[in-house]
Amino acid sequence: MSSNDAETVRRDRILSSKLYFDVPSSKVPVIYSSSYNISFLGIEKLHPFDSKKWGRVCQFLVAAGVIRKDQIIEPLEAKMNDLLVVHTESYLNSLKNSLNVAKIIEVPPVALFPHCIVKEKVERPFRNQVGGSILAAKVAKGRGWAINVGGGFHHCSAEQGGGFCMYADITLCIHYAFVQLNISSVMIIDLDAHQGNGHEKDFSHDSRVYILDMFNPEIYPFDYEARRCINQKVEVVSGTTTSEYLKKLEEALEVASTSYDPELIVYNAGTDILDGDPLGLLKISADGIARRDEKVFRFARARRIPIVMLTSGGYMKSSAKVIADSIENLSKQNLIDTGSTPGRM
Ligand SMILES: [Zn+2]
């Protein structure tokens with residue numbers, strides 16, 4: 001198949017997808033479904049992960065009066081036709097082998113279960129989160145912003161999963177936006193503690209995407225090849241403190257603003273930069289994370305660039321509250337309009 005044919009097939013798949021549905025204006029651009037959460041016979045507890053983080057973020061948001069439950073946008077599950085927009089058939093077929101899935105999500109006992117169970121208990125939650133990331137760009141284009149309380153699987157590329165990432169939701173989100181929203185310039189701001197090697201590989205030779213990646217170079221995935229695809233690489237070594245971090249971020253956003261003029265920003269807002277995170281090894285306070293998110297939203301909103309936020313990594317028990325507090329802060333700062341005033345309810 002020539003690259004032209006491949007592009008036509010991709011376009012047809014995107015245009016026939018059900019994921020880009022119209023959202024009523026009564027909804028707030030916060031995207032989540034209870035099917036995001038993973039519970040798998042208790043074995044999810046073997047991973048140092050809060051596998052129900054996504055649901056807990058929403059519970060905190062509702063309890064704080066930031067949003068009402070009925071205002072949350074529920075996405076559809078990404079189907080085979082959607083995943084094939086980016087993934088190869090051979091990659092998706094490889095997921096039928098439970099051992100491969102176990103390796104990707106780093107939970108060895110998953111290898112012991114037949115595919116039908118792994119599909120239901122592991123793949124389905126992730127596919128729902130992918131549906132949320134894709135829909136988020138459409139919602140952001142209409143409303144100025146959207147937060148998918150999930151997604152951000154930045155280690156997965158078209159042909160390879162890893163590091164808890166099974167599907168390349170960032171790459172998918174952007175390809176849908178190219179076709180459905182008719183845009184041709186996207187900025188990825190990846191502030192998860194880890195390097196976003198998945199989207200970097202996928203957009204390595206694509207000038208329609210500018211990547212700002214701020215990560216700890218001393219931890220997984222050590223993908224030196226993908227590092228060369230980053231437009232603006234900012235390294236934050238183990239032990240970096242809140243003030244150092246925020247100063248570097250401010251400088252990086254300044255450089256980005258003069259380097260590229262995007263029509264959409266995809267913000268990968270991993271919270272594994274939090275002080276005490278066993279994987280990220282950085283020392284950013286909870287308040288520092290709120291200030292980080294505030295800076296990125298201020299950057300986008302001041303320039304009237306639609307922004308999609310994905311919650312990505314950070315699975316300590318404290319992560320959900322940190323994310324919810326940060327979203328509440330965005331609302332208080334009037335950087336997002338949730339139709340309610342936190343603290344007054
Ligand atoms: Zn991470």
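Scroll up for the structure.
Fair warning: this is a prediction, and the values are worked out from it, not measured in the lab. (Residues numbered from 1 in each chain as written. Predicted model: local features only at pLDDT ≥ 70, side-chain atom pairs only at ≥ 80, totals over all residues.)

1. Things to note about unusual backbone geometry
Consideration 1: For the bond from Tyr 220 to Pro 221, the omega torsion is 10 degrees, close enough to zero to count as cis.
Consideration 2: For Ser 312, which is not a glycine, the phi torsion comes out positive at approximately 50 degrees.
Consideration 3: Structurally, Ser 312 is set in the loop between strand S7 (307–310) and helix H12 (319–332). (Helix = DSSP H or I, 4+ residues; strand = E, 2+ residues; numbered from the N terminus.)

2. Some details on the pairing of S7
Consideration 1: Of the two faces of S7, both are covered, the one formed by Ile 307 and Met 309 as well as the one formed by Val 308 and Leu 310.
Consideration 2: Pairing between strand S2 (residues 145–148) and S7: four bridges, direction parallel. Bridge pairing links Ile 147 to Met 309 in S7.
Consideration 3: By the bridge criterion, four bridges tie strand S6 (residues 264–268) to S7 in an arrangement that is parallel. Bridged to Tyr 267 within S7 is Met 309.
Consideration 4: The handedness of the S6 to S7 crossover, carried by helix H11 (residues 286–302), is right-handed. (Buried ≥ 20, exposed ≤ 12 C-beta atoms within 10 Å, placed from the backbone. Pairing = 2+ DSSP bridges. Right-handed = clockwise from strand over helix to strand, strands pointing away.)

3. Overview of the nonpolar core
Consideration 1: The biggest cluster of nonpolar side chains holds 104 residues, and the ones touching the most others in it are Ile 31, Cys 173, Val 266 and Val 308.
Consideration 2: For this core, the element with the most residues is helix H6 (residues 115–143), which contributes ten residues.
Consideration 3: In contact with Ile 31, other than residues within four places in its own chain, are Ile 73, Pro 75, Gly 132, Leu 135, Ala 136, Val 139, Ala 146, Ile 147, Asn 148 and Val 149. (Core = buried A, V, L, I, M, F, W, Y, C linked by C-beta atoms within 7 Å. Contact = placed C-beta atoms within 7 Å.)

4. Let's talk about the packing of H11 against H12
Working note: a packed helix pair is described by the angle between its axes plus the distance between those axes.
Consideration 1: Interhelical geometry of H11 versus H12 gives an angle of 45 degrees and a closest axis separation of 9 Å. With respect to their mutual orientation, H11 and H12 come out oblique. Here H11 runs over H12; the crossing is right-handed. Together, Ala 286, Ile 289, Ala 290, Asp 293, Glu 294 and Phe 297 of H11 and Val 322, Asp 325, Ser 326, Asn 329 and Leu 330 of H12 make up the contact between the two elements.
Consideration 2: Here the contact of H11 with H12 is composed, by residue class, of six nonpolar, two polar and three charged. (Axes fitted to C-alpha atoms, helices over the stretch in contact; angles between N-to-C directions. Parallel < 35°, antiparallel > 145°, perpendicular 65-115°, else oblique. Left-handed = near helix turned anticlockwise from the far one by under 90°. Nonpolar A, V, L, I, M, F, W, Y, C, P; charged D, E, K, R; others polar.)

5. Some words on the sheet that holds S7
Consideration 1: The parallel open sheet is built from seven strands, whose spatial order is S1-S2-S7-S6-S3-S4-S5. The sheet is open, and its two borders are formed by strand S1 (30–31) and strand S5 (232–235), each paired with just one other strand.
Consideration 2: Relative to S2, S1 runs parallel, the two sharing two bridges. Across the sheet, residue Ile 31 finds its bridge partner in S2, namely Asn 148.

6. Examining the packing of helix H1 (residues 3–15) against helix H7 (residues 169–180)
Consideration 1: Remark: H1 packs on H7, axes separated minimally by 10 Å, with the N-to-C direction vectors making an angle of 90 degrees. The angle between the axes of H1 and H7 places the two elements in the roughly perpendicular class. Of H7, the residues touching H1 (which contributes Arg 10, Arg 11, Ile 14 and Leu 15) are His 175, Tyr 176, Val 179 and Gln 180.
Consideration 2: Split into classes, the residues belonging to the contact of H1 with H7 amount to four nonpolar, two polar and two charged.

7. Some thoughts on H7
Consideration 1: In a regular helix each residue adds 1.5 Å, so twelve residues correspond to 16 Å; H7 covers 16 Å between its end C-alpha atoms and thus fits that length.
Consideration 2: Of all the twelve residues making up H7, ten are buried; the element is thus mostly covered by neighbouring parts of the structure.
Consideration 3: Among the residues of H7, those classed as buried are Asp 169, Ile 170, Thr 171, Leu 172, Cys 173, Ile 174, His 175, Tyr 176, Ala 177 and Phe 178.
Consideration 4: Downstream of H7 by one or two residues, Asn 182 has phi in the positive range, about 55 degrees. (Expected span 1.5 Å × (residues − 1).)

8. Comments concerning the environment of Ala 168
Consideration 1: Among the secondary structure elements, Ala 168 is positioned in the loop between S2 and H7.
Consideration 2: Ala 168 gets classed as buried once you count the C-beta atoms within 10 Å, which come to 30.
Consideration 3: Residues Ala 168 and Leu 83 lie 85 residues apart in sequence; the distance between their C-alpha atoms is 8.5 Å.
Consideration 4: Ignoring any residue separated from it by four or fewer positions in sequence, one finds Ala 168 in contact with Val 86, His 87, Phe 153, Cys 156, Ser 157, Ala 158, Gly 198 and Asp 202.

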